[in-house]
Amino acid sequence: MFVDGFYDVEERDGYDGRLPVSFMSERHTDKIEGPKNVPQSWRMKERMKTVSVALVLCLNVGVDPPDVVKTSPCARLECWIDPFVMNAQKAGEAIGSNLQKQYERWQPRARYKSTLDPTMDDVKKLCTSLRRNAKDERVLFHYNGHGVPRPTVNGEIWVFNKSYTQYIPLSVYDLQTWMGSPSIFVYDCSNAGVIVESFNQFAQQREEELKHATGNDRATAPPPCSMKNCIQLASCAADQLLPMNPELPADLFTACLTTPVKVALKWFCTMNKSKLINGISPDIIEKIPGRINDRRTPLGELNWIFTAITDTIAWNTLSRDLFQKLFRQDLLVASLFRNFLLSERIMRTYNCSPVSNPKLPPTYYHPMWQAWDLAVDMCLKQLPAVLESRPYIHSSFFEEQLTAFEVWLRHGSRKRPPPEQLPIVLQVLLSQVHRLRALELLGRFLDLGPWAVNLALSVGIFPYVLKLLQSAARELRPLLVFIWAKILAVDSSCQADLVKDEGHKYFISVLSDQYMPSEQRTMAAFVLAMIVNKYPAGQENCFQGNLIAVCMELLQDQNPLLRRWLCICLGRTWKEFEAARWCGVRNRANETLYPLLEDPVPEVRAACVYALGTFISTSLERSDHGSNIDTNIGIHLLPVNSDGSVLVRKELVVALHRLVIQFEMNFVTVALQLLEEDRQREDQDRPMNLSLTPGEALGSGNYGRRLSLNITSSTKLTATNTANMYQSPPHTSVGSPNTLTAGNTSGGADGGGGLMAIERMRRVSSTTNLSSMPLSTYSNIFSNIWRTLLNLVGDPHPEISDFAKKLVNAVTLKATVTARPQFVRDSTLRDINSAPSSPTNRLNDSITPDLKSYSPPDLTTSTSSESSQTRGSSSADQPRNAKLPSNKPHSLTFTPSRKMFDRGPTITYEVTDETSPARSLTLTTNFCEWSSKYFAQPIMKAPEQQDPESHVYQERNWRFLRNSGIRQEAADQQRRATICEWNEQIFLNKNQNPPTALRFHDYEPQIAVADKEGFCIWNWEEGTRVNYCYNSSCQSISSLQFINPHDISLLLSGSDDGSVRVWKDYTGDVRAVSMVTAWQVLCGAQYLPRSTNTRSAGLVLHWEEECGTLIASGDISTIRIWDAQKELKTHEMQTGSQVSVTCLAADTVRRYLVIAGFADGLIRAYDTRCPSNECEVMTGREHNSWILNVHLQKGVGDGKIISASQLGDVKFWDPRSRGSTKSLSCGSRMSSFAIHERTEVFAGGLSNPSINVFNLAGDELSCIKYYDGFMGQRIAAVNCMHFHPHKVFLATGCVDSYLSIYSKKSD
């Protein structure tokens, strides 16, 4: 049999893996919103600079303080100078000068002042003068108290009197007053921790005084200064003395802070004497060649390594906020705290514990110190050879750290601790030798996600990558563009820094570089789009950089992501920026963008609509040329109404909103004209004896259900069944430059007038003056755009419908007020103006005689509230014989309550152009922000579906294995299906309403059932109903299809109004069911005329899983083929018939055939490769009644076409033959018909009523007339039936609401 070979091919070729997955891209699964706004902590709230330094040296050389007993020998060096080899005065001056030079290495631009053995007045004068000059910047106070007594517990340090005969105490409180805030204090003396404790006590006291002074309004004295922004560094704790080891300098703490490398090298030699090679001693340290700021020399390289290591220790030990404050806010403070970490390590070996405020955690045992010791050891090992003029071999420290960082990247994630080498990567960016590798690793790290970007920014990467944009090296371009795309995707505020440093020029050059890959150009376009986003300075600078011309040249690139971001970049560049917009006008940018409206990628089409929407000017200054361009854009946007993508149609509403703002009065006139036509038509249709209350004239039904786009006297169609949305609009005459006065509407049902007008408009150049255009063409523009908005009100997607409702309501509100007369408010003139107005003052003779005054709608009313009010209205409020209200959206907000020209109210409601409802309405989407999330997420990492270790991949693989097992099991059942009875009932239950459509899930024990109110999911194994969802449409569901049944399943429902909706999570709680997408598959189609006794075919759908294609038809004269990946209509074939299509079948993968059955009994086959009017390749004329179903064998049998009609005849066709090859009769009329896809069995619901199962040879296998069970009742007429795609199951739904499933009889 044919079954075995077919399944062998499926399993051998990996059938499930080859099938496409439809409606599962990010635009369907993600919520269309921008990234969450996480507060950025990396950017310093305020940068600070130490501008003044006070050096206070209380040495009193030659005289020891009374409370300190020094050892002999004792440490003597101060600032690396022995004060006892020269006289005291010169020694003090030399020490002060040397200390200043040591500080100048870290802050050369500061203002330095020193005082040697000062008095209290000297200190006061010094501190107050520096604070006065520093203003709000930081001042450093360095205190060396080696020649004075230790600080007191009362918070006092010591200075001298003028004659140096006494020690004078100086209160820290006074010092705080003189120094002010912000300040940094360095204390190098014994018991220095006492000063820190006293300082904090006084600071707390000041805070309390400040709080009291702030609350006391009568206080006359100036409030005390807060000391919150003060930093302190002390050499030892409150109970510790400074070390006196003669091998160390006396000011060891100061030496660590100002000459860290020198101290570290000497200390290393002292601590490792036995381990050093011969010739290495502390004295040779002075001979290390190089400069401290030259990284190419041994000394400079050691300082570079030391900076990287201390930065790394701090970043891995401190909190992020404290690290930012101490190591990134002030260069001098950062240097001092790096060196403070070294002082802690060295001085702890001499029983001293340096103290800081803010307090730091212990860092002396950090493992990175071992890396420092290794770097020092490797340097000292080469020192004798270097001193003999041999070449110096640079340290491998940075290479090793980059390797460690690379290892972390292989296994790192957000759940693991961050890489400790990140600050080292920052330092490596300064080296040309390692820069390329460092940038590559940094890019890989940033690609891990926003958390990685925030970490890199917090460590201080930003100024380094900003400066690298000045580099002309081409090899850095891809890396820098990638890094900046990652940064801007997380923190868009960096746009200001880029513009300030002219970084935008770098990315414009990358974008215009024809040798750059499209991926890098895409990132450059994204960066530029972020620079111009809501930032006028960015728009101006990029516009001056010729960005618009560069983008337009690349719009035809093959990369869809690049095309998308070019459109977004253009749209953001000229949004609310007239200079850029007119530059686009001169370059015909709108005409260049028009082809992208048919781009195969929905995101590109949405971006194109966004760019064209922002191209529409909302400026109050208008010209004919500008108006012509805007209306030309509006005409080209009209066909987008039928786009299958929600993204595109939502952007369309926003774009049309800008057009309505610009031409509001024209749309108001169109709305008034359509209102009058509806009123006149209702007057003609209303019986003479029927009175209609003002409230009934408005109507209370759902807004989307009252659309009527075909405004003709002979035909009324709802929005979803519109024959042609581009029909002939009302004739309009121009009464003024800004206002159109509507006239009469004419046009046939075919709508040719409107289409001709649009085609004429499309042929008009953007440079043509509006005044030279035909009047009818110009009038038709606004009428057709308004009809498009009305059509969008009935869009099946609720968000689009809500957008359109708000916009239509805003225009009708303006129309409401425009139709009112304006009354004088002054009571003295009320009597004069109370008489009816003169006929010459009327707005329009055709509108005003019977037009009522209306109340404006509430623009904030939601769809749900409207529908709830509708359901809540009582029938008692309506006359029993009242005619149903008008179904027109443009009539919705017009509530008749009084004559237009009566006395009217004493207070009028006025709406002017300045208070325009449309202009004040805000309609925005998050499409651009959502698009930017792509760059914030990992790009280099393979998708989870392709990662064998991911949970998603394993789940998917399990599903494929399950599917294969089910197909193999079903193949065994199918071998006996053609000879067994099909009368074993395995499921019976009653549905909520009579089923209208059935669909088995291919691999789950589920069956979807549709009825007039919605659809439900049944578990046929357990016999329970899983869920019930009410249909969003007012029309009955006529078709159900499971999408992606082999993977993550979705459910597609098609309603009689031509709308298609795709649902996910349909088996969970009803509140969890969500709409993936929705669109009108028959939008704009010409509906066939029907007589009253003609049955409607509704919406007929056929889903091709193998290629992701949806084929749709119904009561129209065409067959449409939609591509699910593109969300576009790819083919529209003329049926060549004037009757409805009743069923469809297709094989568009192998044979490019579409088979259609018609209401008149004809069978037609179409080749999708042929032109629309020449695609019919076969016509079968042997049936004489409604075709119930057609089937095209694929992969099984001989590939024949099988059809069945209501008369009960079944015929077999060969596409190559003119007539049928075989005919069968079921014996009586049929109401439904189904064919099993993989076995030679079909079933029919006969009029007996009974369910009959046959094989293709015509043998009857079963005849089912009763439900199973004791005294089983007779089955009712069968509405619908469906075979399981694999198993030998048949599901039927009857008019009595019973749902049953039958299988072949058990052996």
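Note that the structure is a prediction, hence the values are computed from the model and not measured.

Draft legend 1. The overall build of the protein, seen in detail. Within the protein, the regular secondary structure consists of 39 helices and 38 strands. Looking at the protein residue by residue over its 1307 residues, the buried ones come to 57%. Of the contacts made within the protein by residues no fewer than 6 positions apart, 68% connect residues no fewer than 24 positions apart. Summing over all exposed atoms, the protein offers an accessible surface of approximately 55,300 Å²; the carbon and sulfur share of this is 49%.

Draft legend 2. Main features of helix 14 (residues 397–411). Spanning 15 residues, helix 14 covers 22 Å between terminal C-alpha atoms, matching the ideal 21 Å at 1.5 Å per step. All buried positions along helix 14 are accounted for by F397, F398, Q401, L402, F405, W408 and L409. Down the axis of helix 14, the buried side of the element spans an arc of 125°, and every buried residue falls inside it. Facing away from the buried side of helix 14 by over 90 degrees, the exposed positions are R410 and H411. Elements that come into contact with the buried residues of helix 14 comprise helix 10 (298–317), helix 13 (368–387), helix 15 (422–428), helix 16 (435–446) and helix 17 (450–459).

Draft legend 3. Just the sheet that holds strand 2 (residues 111–116), in detail. Taking strand neighbours across the sheet as the criterion, the six strands line up as 2-1-3-6-7-8 in an open arrangement whose pairing is mixed. Only two strands of the sheet have a single neighbouring strand rather than two, namely strand 2 and strand 8 (355–357). Sheet twist, expressed as the average angle between the axes of neighbouring strands with direction ignored, equals 10°. Bridge analysis of strand 3 (residues 138–144) against strand 6 (residues 183–188) gives six bridges, and the strand direction is parallel. Paired with V139 across the two strands is S183, which belongs to strand 6.

Draft legend 4. Region of the structure containing the pairing of strand 25 (residues 1153–1158). With respect to burial, strand 25 is a largely interior element, six of its six residues being buried. When strand 24 (residues 1141–1147) meets strand 25, the two strands line up antiparallel, connected through six bridges. In the strand pairing of strand 25, D1147 is matched with L1153. Between strand 24 and strand 25, which pair antiparallel one after the other, the connecting turn spans five residues, and Y1152 there sits at a positive phi close to 55°. Sheet topology places strand 25 next to strand 26 (residues 1163–1167); five bridges connect them, and they run antiparallel. Paired with I1155 across the bridge in strand 26 is A1165. The hairpin turn running from strand 25 into strand 26, its antiparallel successor, is four residues long, and G1161 in that turn takes a positive phi close to 95°.

Draft legend 5. Molecular detail of the sheet that holds strand 31 (residues 1220–1225). Taking strand neighbours across the sheet as the criterion, the four strands line up as 28-29-30-31 in an open arrangement whose pairing is antiparallel. The open sheet has two edge strands with one neighbour each: strand 28 (1187–1192) and strand 31. On average, each strand axis in the sheet is inclined to that of its neighbour by 15°, with strand direction left out of account. In this sheet, strand 31 lies alongside strand 30 (residues 1209–1213) in antiparallel orientation, the contact comprising five bridges.

Draft legend 6. Here's a closer look at the packing of helix 25 (residues 560–574) against helix 38 (residues 927–936). Taken N-terminus to C-terminus, the directions of helix 25 and helix 38 make an angle of 135°; their axes are 12 Å apart at the nearest point. Relative to helix 38, the element helix 25 lies oblique. Crossing angle aside, the handedness with which helix 25 passes helix 38 is left-handed. Between helix 25 and helix 38, the residues in contact are L561, R564, W565, I568 and R572 and F927, C928, E929, W930, S931, S932, Y934 and F935, respectively. Considered class by class, the residues forming the contact of helix 25 with helix 38 number eight nonpolar, two polar and three charged.

Draft legend 7. Main features of the nonpolar core. Counting residues in hydrophobic clusters, the biggest one holds 257 residues, and the most contacted among them are F141, L380, F445, W484, L511, L593 and W786. Take this core: its biggest share by element is eleven residues, from helix 30 (residues 646–662). Sequence-distant contacts of F445, defined by excluding residues within four places in its chain, comprise F405, W408, L409, P419, L422, W451, A452, L455 and A456. Ranked by size, the runner-up nonpolar core spans 30 residues in total, among them V1141, V1154, Y1166 and M1230.

Draft legend 8. Broad picture of helix 17. Buried residues dominate helix 17, accounting for eight of its ten residues. At the exit of helix 17 stands G460, carrying a positive phi of roughly 105°.

Draft legend 9. Structural view of the packing of helix 5 (residues 120–134) against helix 6 (residues 172–179). Contact pair helix 5 / helix 6: the axes reach a minimum separation of 8 Å and the direction vectors enclose 30°. Here M120, V123, K124, C127, T128 and R131 of helix 5 lie close against helix 6, whose contacting residues are L175, W178 and M179. Here the residues of the contact of helix 5 with helix 6 are counted per class, giving six nonpolar, one polar and two charged.

Draft legend 10. Representation of the environment of V1241 in the model. Structurally, V1241 is set in strand 33 (residues 1241–1246). The class of V1241 is buried, set by a relative accessible area of 0%. When the C-alpha positions of V1241 and L1261 are compared, they lie 9.0 Å apart, and in sequence the two are 20 residues distant. Beyond its immediate stretch of four places on either side in the chain, V1241 contacts A977, T978, W982, I1235, H1236, V1253, F1254, N1255, L1256, L1261 and F1283.

Draft legend 11. Looking closely at the packing of aromatic side chains. Here the structure, examined in full by the defined rule, presents 42 aromatic pairs. Where Y506 meets F507, the ring centres are 5.6 Å apart and the plane angle is 80°; that geometry is what we call edge-to-face. Relative accessible area serves as the criterion here: at 0%, F507 is assigned to the buried category. The structure contains a cluster of three or more aromatic residues connected by ring pairs, namely F253, F323, F327, F337 and F340. Above the plane of the ring of Y173 lies R206, whose end atom (NZ or CZ) is 4.0 Å from the centre.

Draft legend 12. Local environment of the confidence of the model for the protein. Of all residues in the protein, 82% attain a pLDDT of 70 or more, and the chain-wide mean is 82. Here strand 9 (residues 730–734) stands out as the least confident element of the protein, with mean pLDDT 31; helix 25 is the most confident, with 97. Contacts of residues 1–7 to residues separated by more than four positions or lying in other chains number 20 contacts, the stretch itself having pLDDT below 50. Confidence over residues 822–913 falls short of pLDDT 50; this stretch has 160 contacts with residues more than four positions distant or in other chains.

Draft legend 13. Inspection of the pattern of salt bridges at higher detail. Going through the model one piece at a time under the given rule, you end up with 43 salt bridges. When the shortest N-O distance is used, the salt bridge between R348 and E344 registers 3.6 Å. With a gap of four residues between them, R348 and E344 both fall in helix 12 (residues 331–348), about one helical turn apart. For D1167, the salt bridge is made with R1169, and the minimal N-O distance between the two is 2.9 Å.

Draft legend 14. Broad picture of unusual backbone geometry. A cis amide bond links S72 to the next residue, P73, at an omega of -5°. The topology assignment puts P73 in the loop between strand 1 (50–57) and helix 4 (88–104). Even without being glycine, Y164 reaches a positive phi, approximately 55°. Looking at the secondary structure, you find Y164 in the loop between strand 4 (156–160) and strand 5 (167–171). Positive phi, normally seen in glycine, also occurs at S389, with a value near 70°. Note that S389 resides in the loop between helix 13 and helix 14.

Draft legend 15. Expanded view of the environment of L257. Locating L257 in the fold gives a position in helix 8 (residues 252–258). In sequence terms L257 and S343 are 86 residues apart; their C-alpha atoms lie 7.2 Å from each other. Beyond its immediate sequence surroundings of up to four residues, L257 is in contact with W106, V186, L233, L336, N339 and F340.

Draft legend 16. Spatial organisation of the side chain of H1282. For H1282, the position within the fold is in strand 36 (residues 1278–1283). Residue classification places H1282 among the buried residues on the basis of a relative accessible area of 10%. A polar contact is formed between the side chain of H1282 and the side chain of R999, at a distance of 3.0 Å. Excluding its chain neighbours within four sequence positions, the residues that come into contact with H1282 are L998, R999, F1000, A1234, F1289, L1290 and A1291.

Parameters at a glance
- Residues numbered from 1 in each chain as written.
- Predicted model: local features only at pLDDT ≥ 70, side-chain atom pairs only at ≥ 80, totals over all residues.
- Heavy atoms only, no water.
- Helix = DSSP H or I, 4+ residues; strand = E, 2+ residues; numbered from the N terminus.
- Buried < 20%, exposed > 50% of the residue type's maximum accessible area, 1.4 Å probe, protein only.
- Contact = heavy atoms within 4.5 Å.
- Areas by Shrake-Rupley, 256 points an atom, 1.4 Å probe, with all protein chains shown as cover.
- Expected span 1.5 Å × (residues − 1).
- Arc of directions from axis to C-beta.
- Pairing = 2+ DSSP bridges.
- Axes fitted to C-alpha atoms, helices over the stretch in contact; angles between N-to-C directions.
- Parallel < 35°, antiparallel > 145°, perpendicular 65-115°, else oblique.
- Left-handed = near helix turned anticlockwise from the far one by under 90°.
- Nonpolar A, V, L, I, M, F, W, Y, C, P; charged D, E, K, R; others polar.
- Core = buried A, V, L, I, M, F, W, Y, C linked by side-chain atoms within 4.5 Å.
- Phe/Tyr/Trp six-rings, centres within 6.5 Å; stacked < 30°, edge-to-face > 60°.
- Lys NZ or Arg CZ within 6 Å of the ring centre and 35° of its normal.
- pLDDT = per-residue confidence, 0-100.
- Salt bridge = Lys/Arg side-chain N within 4 Å of Asp/Glu carboxyl O.
- Polar contact = N/O pair within 3.5 Å; in protein donor to acceptor, adjacent residues only side chain to side chain.

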